[in-house]
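Structural description and commentary
Given next are the chains, with one letter for each unit.
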Amino acid sequence: MKAIVLAITLIGWSIVYGQEADTTAPDPNWKLSATYGVNGTQSAFVNWSAGGRNNISFLGYIEGSANYLKDKIKWDNDLGLALGGLLYVGVGSSSAGGVQKTDDRIDIATNFGFEMKEHWYVSFVGGFRTQFMDGFNFPNDSTRVSKWMAPGYVNLALGVDFSPSENFSVYLSPVAGKLTFVQDQGLANSGAFGVDPAEFDPSGALLELGNQFRGEFGAYFKLKYTATLAKNIEMKSKIELFSNYIVKPENIDVNAEVIFNFKVNNWFSASLNWNLIYDHDIMITDNQGNIGPRTQFKSVLGIGIAYTMRNFIVKKD
């Protein structure tokens, strides 16, 4: 709910302070930007010998930022929201329809820093990640594997940030916390996402409920890089690393993302999103039934309508 409120607030700021034409903000210390997009596809098959299933897919997203810079104070805020689904359309009495989500993301990050010397800041960093809707282990749509705040992640860190430009920053913290929430007792009882599972006696009777929270203390690293690769092609990337001092510090949690935005004109665009996650505490079952930690990878390609609103002038070559 808080993420939705923040998204609405960011949209309001963008509407009040600017639009694609690039205007000057009432407060020049703030740079506000938001991109809203909708992508969709539709496939239909009639007597198609190679097979296929009628479907309609959609993806809506918001990417926003609110950055403040004045004197020695720097405060960067980023918001990423995405929700997409695939609607299978049944044909005839024997064909059943259904909906399966294809992307679901709430990602909020903040970095508040005080400049010690040029480009070097003492910074407090916070982050929050979860999803909007329930996820299921398709094709079995009765087995829930995720929901709102199951999992939910909160990262808190105090460290040093090297930021020589708006397009590049490196952050390192020796004092960081990673909080994992699993606000679903069934998932918590199974030990999903690294929380302590429930305890049962030999007959299967429940002795103790699984924990819905796990706290970790360790070191945190984050790198962000944005670049214009060519005219109307922008790349945004980040990588986050976390090592738990207490339990197996050699196992590094990884969250990496690369986004390519291809702009056709003021309305039409394409985007390619790659996301890689590795967390040794998350057990995943592969196609052979083996259970263990796995590298997770997601690729989302979208073509559709996107509109950017901002309150500052963009320097163009």
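The model shown is predicted, which means the values in this text are computed figures rather than measured ones. Numbering of residues starts from 1 in every chain and runs along the sequence as written. It should be noted that, the model being predicted, local features are given only for residues of pLDDT at least 70 and side-chain atom pairs only at 80 or more, the latter also being counted only at that level, while totals for whole chains, interfaces and linings use all residues. Side-chain numbers here rest on the full set of heavy atoms in the structure, without hydrogens or water.

1. Observations regarding the side chain of serine 163
Counting from the N terminus, the helices are DSSP H or I runs at least four residues long and the strands are E runs at least two residues long. Within the secondary structure layout, serine 163 lies in strand β8 (residues 152-165). In this analysis, two residues are considered to be in contact whenever any of their non-hydrogen atoms come within 4.5 Å of each other. If we skip the residues at most four places from it in the chain, serine 163 touches Lys74, His119, Tyr121, Phe168 and Ser169.

2. Considering the pattern of salt bridges
Salt bridge, as used here, is a side-chain nitrogen of Lys or Arg placed within 4 Å of a carboxyl oxygen of Asp or Glu. Taken as a whole and assessed by the stated rule, the structure comprises 16 salt bridges. Of the charged contacts, one joins aspartate 161 and lysine 74 as a salt bridge, the two residues approaching to 3.3 Å between their closest N and O atoms. In this pair, aspartate 161 sits in strand β8 while lysine 74 sits in strand β3 (residues 73-88), placing the two residues 87 residues apart along the sequence. An identical accessibility class is assigned to aspartate 161 and lysine 74; each is buried. Note that aspartate 184 is salt-bridged to lysine 147, the shortest N-O span being 3.9 Å. Of this pair, aspartate 184 sits in the loop between β9 (168-181) and α2 (185-189) while lysine 147 sits in the loop between β7 (140-146) and β8, and the two are 37 residues apart along the sequence. Beyond isolated ion pairs, a larger network of salt bridges with shared partners links Asp134, Arg144, Lys147 and Asp184. Exposed residues in this analysis have more than 50% of their type's maximum accessible area, buried residues have under 20%, and partly exposed residues fall in between, with area computed by a 1.4 Å probe over protein chains only.

3. Re the environment of leucine 206
Relative to the helices and strands, leucine 206 is located in strand β11 (residues 206-208). In the structure, leucine 206 is positioned 17 residues away from asparagine 189 in sequence and 9.6 Å away in space, judged by C-alpha atoms. Those residues within four positions of leucine 206 in sequence are excluded, and the remaining contacts are Ala198, Glu199 and Phe200.

4. With respect to the nonpolar core
Only buried residues count toward a nonpolar core. Its members are Ala, Val, Leu, Ile, Met, Phe, Trp, Tyr and Cys residues joined through side-chain atoms within 4.5 Å. Ala34, Tyr36, Ile62, Leu79, Leu81, Ile106, Ile108, Phe128, Met149, Val154 and Met309 form the largest nonpolar core, which has eleven residues in total. Listing elements by their share of this core, those giving two or more residues are β1 (30-43), β3 and β4 (98-117).

5. A few points about the environment of proline 164
Position of proline 164 relative to the elements: it lies in strand β8. Accessibility expressed as a relative area gives 33% for proline 164, which makes it partly exposed.

6. A word on unusual backbone geometry
Cis geometry marks the peptide bond from alanine 150 to proline 151; its omega dihedral reads 10 degrees. Secondary-structure assignment places proline 151 in the loop between β7 and β8. Located in the positive-phi region is methionine 149, a residue other than glycine, with phi close to 60 degrees. Its place among the elements puts methionine 149 in the loop between β7 and β8.

7. Points about the pairing of strand β14 (residues 252-263)
The rule for pairing is simple: two strands pair if DSSP sees at least two bridges between them. Sheet topology note: the strand β13 (residues 233-244)/β14 ladder contains eleven bridges and is antiparallel. Each residue of the ladder has a partner; that of lysine 236, found in β14, is isoleucine 259. Relative to strand β15 (residues 268-278), β14 runs antiparallel, the two being bridged by ten bridges. Within β15, the position partnered with alanine 256 by the bridge is leucine 276. What sits between the antiparallel neighbours β14 and β15 is a turn of four residues.

8. Remarks on the side chain of serine 243
Of note, serine 243 is situated in strand β13. Given a relative accessible area of 14%, serine 243 falls into the buried group. For this analysis, a polar contact is any N or O atom pair within 3.5 Å, provided that within protein one partner can donate a hydrogen and the other can accept it, and provided that sequence-adjacent residues contribute only side-chain to side-chain pairs. A polar atom in the side chain of serine 243 sits 2.7 Å from the backbone oxygen of proline 249.

9. Details of the packing of aromatic side chains
Two aromatic rings, drawn from Phe, Tyr or Trp (for Trp, its six-membered ring), form a pair once their centres lie within 6.5 Å of each other, and the interplanar angle then sorts them: stacked below 30 degrees, edge-to-face above 60, tilted otherwise. Per the counting criterion, the structure on display carries twelve aromatic pairs. A ring pair is formed by tryptophan 75 and phenylalanine 112, whose centres lie 6.1 Å apart and whose planes are at 75 degrees; its orientation type is edge-to-face. Linking tryptophan 75 in strand β3 with phenylalanine 112 in strand β4, this pair joins segments that are 37 residues apart in sequence. Relative accessible area serves as the criterion here: at 31%, tryptophan 75 is assigned to the partly exposed category. Taken together through their ring pairs, the aromatic side chains of Trp30, Tyr68, Trp75 and Phe112 make up a single cluster. Charge over a ring is defined by NZ of Lys or CZ of Arg lying within 6 Å of the ring centre and within 35 degrees of the ring normal. The lysine or arginine in question, lysine 74, covers the ring of tyrosine 121, its NZ or CZ lying 5.0 Å from the ring centre.

10. A word on the confidence of the model for the chain
Reading predicted coordinates in detail is not appropriate for stretches of low pLDDT. Every residue is assigned a pLDDT by the predictor, reflecting its confidence on a scale from 0 to 100. Per-chain confidence: the chain averages 83 in pLDDT, with 83% of residues scoring 70 or above. Between residues 1-23, whose pLDDT stays under 50, and residues either more than four places distant or in other chains, the model counts 49 contacts.

11. Regarding the environment of asparagine 111
Relative to the assigned elements, asparagine 111 resides in strand β4. By relative accessible area, asparagine 111 is classed as buried at 13%. Here the alpha-carbon distance between asparagine 111 and asparagine 67, two residues 44 residues apart in the chain, equals 9.4 Å. Every residue in contact with asparagine 111, bar those within four places of it in the chain, is listed here: Lys74, Trp75, Asp76, Ser123, Phe124, Val125, Asp161 and Tyr171. A distance of 3.3 Å separates a polar atom in the side chain of asparagine 111 from a polar atom in the side chain of serine 123.

12. Examining a nonpolar patch on the surface
Patches in this entry comprise residues that are over 30% relatively accessible and not in a salt bridge; like charges within 9 Å are linked, as are nonpolar side chains (Val, Leu, Ile, Met, Phe, Trp, Tyr) within 5 Å. Every accessible area reported is derived by Shrake-Rupley at a probe size of 1.4 Å, with residue values counting cover from the shown protein chains alone. A cluster of nonpolar side chains, namely Trp75, Phe112, Met116, Trp120, Val122, Phe124, Leu156, Leu158 and Val160, defines an oily patch on the protein surface of about 780 Å² accessible area. As for its placement among the helices and strands, phenylalanine 124 is situated in strand β5 (residues 120-130).

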